[in-house]
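# Structure at a glance
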Number of protein chains: 2
Amino acid sequence: MTTLPDPRQNHLLDALLSSDYDRLFPNLELVKMPLGHVLYESGGQLDYVYFPTTCIISLLYVMENGSSAEIAIVGNEGILGISLFMGGETTPSRAVVQSAGVGYRLAGSFLKTEFNRAGPVQRLLLRYTQALITQMAQTAVCNRHHTVEQQLCRWLLLSLDRLASNELTMTQELIANMLGVRREGLTEAACKLQTSGLIEYSRGRIVVIDRPKLEMRSCECYQVVKAEFDRLLPSLHGIAK
Amino acid sequence: MTTLPDPRQNHLLDALLSSDYDRLFPNLELVKMPLGHVLYESGGQLDYVYFPTTCIISLLYVMENGSSAEIAIVGNEGILGISLFMGGETTPSRAVVQSAGVGYRLAGSFLKTEFNRAGPVQRLLLRYTQALITQMAQTAVCNRHHTVEQQLCRWLLLSLDRLASNELTMTQELIANMLGVRREGLTEAACKLQTSGLIEYSRGRIVVIDRPKLEMRSCECYQVVKAEFDRLLPSLHGIAK
DNA sequence: AGCCATATGTTGCCTAGCGAACATACCAAG
DNA sequence: CTTGGTATGTTCGCTAGGCAACATATGGCT
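Remember, it's a predicted structure, so these values are computed and weren't measured experimentally.

A few words now on the overall build of chain A. A count of helices and strands for chain A gives ten helices and ten strands. Over its C-alpha atoms, taken along the principal directions, chain A stretches across nearly 50 × 40 × 35 Å. For chain A, the proportion of its 241 residues judged to be buried stands at 52%. In chain A, the proportion of contacts linking residues at least 24 apart, taken out of those at least 6 apart, comes to 77%.

Bringing the environment of Thr113(B) into the picture now. Residues and elements named next belong to chain B. Checked against the element boundaries, Thr113 lands in helix α4 (residues 108-115). Accessibility expressed as a C-beta count within 10 Å gives 12 for Thr113, which makes it exposed. The spacing of Thr113 and Gln150 is 37 residues in sequence and 42 Å in space, taken between C-alpha atoms.

Mapping chain B onto chain A leaves a residual RMSD of 0.0 Å; the transformation is a rotation of 180° accompanied by 0.0 Å of translation along its axis. In the structure described here, the two chain copies are related by an operation that fits a two-fold rotation axis. Closest to the rotation axis within chain B is the C-alpha of Ala140(B), separated from it by 1.8 Å.

Attention now goes to the protein's contact with DNA strand D. Taken together, 18 residues form the shell around DNA strand D, and within it Thr147(A), Arg182(A), Gly185(A), Thr171(B) and Gln172(B) come nearest. Of all the secondary structure elements, the ones that give two or more residues to the surface near DNA strand D are α8 (183-195) of chain A together with α7 (172-179) and α8 (183-195) of chain B. Along the lines of polarity and charge, the residues of the surface near DNA strand D split into five nonpolar, seven polar and six charged.

We now examine the protein's contact with DNA strand C. Residues in contact with DNA strand C amount to 18 residues; listed here are only the nearest, Thr171(A), Gln172(A), Thr147(B), Arg182(B) and Gly185(B). Among the elements of the structure, α7 (172-179) and α8 of chain A together with α8 of chain B are those that each provide at least two residues to the surface near DNA strand C.

Residue and element names in this part refer to chain A. Where helix α6 (residues 148-161) meets helix α10 (residues 221-232), the axes come as close as 9 Å, and the angle between the chain directions of the two elements is 25°. Accordingly, the angle class assigned to the pair α6 and α10 is roughly parallel. For the pair α6 and α10, the sense of crossing is right-handed. Judged by residue contacts, Arg154, Leu157, Leu158 and Asp161 of α6 engage Cys221, Tyr222, Val225 and Lys226 from α10. In terms of residue class, the contact of α6 with α10 is built from five nonpolar, no polar and three charged.

Right, let's talk about the interface of chain B and chain A for a bit. Accessible area lost during the coming together of the parts is what is often quoted as the interface size. Contact with chain B, which involves 36 residues of that partner, is made by 36 residues of chain A. When residues of the side of chain B that touches chain A are traced back to their parent elements, those giving at least two are β5 (68-74), α3 (82-86), α5 (120-145) and α10 (221-232) of chain B. The biggest single contributor to the side of chain B that touches chain A is α5(B), with 16 residues. Looking at the side of chain B that touches chain A, its residues break down into 15 nonpolar, 15 polar and six charged.

Conventions we followed
Residues numbered from 1 in each chain as written. Chains lettered and ligands numbered in written order. Predicted model: local features only at pLDDT ≥ 70, side-chain atom pairs only at ≥ 80, totals over all residues. Helix = DSSP H or I, 4+ residues; strand = E, 2+ residues; numbered from the N terminus. Buried ≥ 20, exposed ≤ 12 C-beta atoms within 10 Å, placed from the backbone. Contact = placed C-beta atoms within 7 Å. Least-squares fit on C-alpha atoms with pLDDT ≥ 70 in both. Near = placed C-beta within 6 Å. Nonpolar A, V, L, I, M, F, W, Y, C, P; charged D, E, K, R; others polar. Axes fitted to C-alpha atoms, helices over the stretch in contact; angles between N-to-C directions. Parallel < 35°, antiparallel > 145°, perpendicular 65-115°, else oblique. Left-handed = near helix turned anticlockwise from the far one by under 90°.

Structure (structure tokens):
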């Protein structure tokens, strides 16, 4: 709707050799990703992998008592459903649409076949997985040591990097759930960022005004994760060639 | 010294088909792992992968300000150096010997060749990697939501599972560093566990007396991680066959 | 225009855990 | 036996962030 859908807006698909992409293309299905939609549940069956193009997916761990925490964000730089090719079939995490948009899905069996060719597609998927691991590890550290404000900055930056925009459609309540903090705590942090002129928001719309300052106010975790993604997946057309 | 060194004390090596293992075996080198030894540094070159047998390795993220947090534990159930076969060559984490013992190392180039056969060895390594991912993700959640005492219980249990013993040689100071908390906070938690009769310790020696109670006092994270390891790597001889 | 659901702002209280400073206890080497 | 280094215990004050209860504002709808 906003952008004409081209699977190659997804960086992984874009990085494929034509010969590989041409095999995949006929099997890609466009999927709408409405806000809050659960792509899969903890421990559930994975029939598809997803290549986000204009949406962002959040990987959440939900605990027995209902509280949750985001462990990674997947956007147009990646793929959702790594456990299919890693061999585990499922994961104990939940995948939720964090920012509405569209993406493409591919039958899991098809992806597994591609992966098992043990060629460029496999190498690309594994490199992406390593970047994702870095993101999870950094999230663990961030949860341990950083303030809500720092984490909010990191989260905004990581999310914006995965959209072609400086704007997010997202209530504070939802962000708080993702970060695993109280809504009030998040409001307070957001407030400070707004009065400092870094962001502006109202009723579920957040606009980043001053990105450089946001980066300065973020913890180092953002840079570490970004650097690792850039290192492992330089966004050059055709890395997997 | 304590046990006669057999590479197959490592569960991954043990799970290999004889034909695969026989290729690896001549290339395995026994390595001593003294407490505190740094196997590799964040971002450093990885020349070897390591298969712990009687030691435990801790994967730590160290931050700019020097504070740190453990993101995963690797013992005789696993392998250290996944980024070699994942394609990234390095990771932003540090690997430190957390419990002294021995292990085997294998030249990275050799492992990569084995991995690229795209057979049982590759499948086994990827399944292990997924289990490790679960451990990292659960660590992130645990850091967010659980008390120091709960985390200590989880940590003790995960560590013991990787040793054939109910005893750890480990000061509270070191455990605190691993968990990314203050030594005093850890002392307090350890104190409570001791007076409750779950553990006994003195000067760097911790003995678990009542494991069932320790499990009850731990957060759910321990069970989640353990269940996922068991699911992905059932410790049957020859899973990778 | 007026209404209502929902998003955001605010306040008070409480606890976990941080930081620092210090006390004690234990083991090993001289 | 003494001494010193290291491991553990304890205390005090402080702050971030949890929980609860409520006030306000805003945008879409009738």
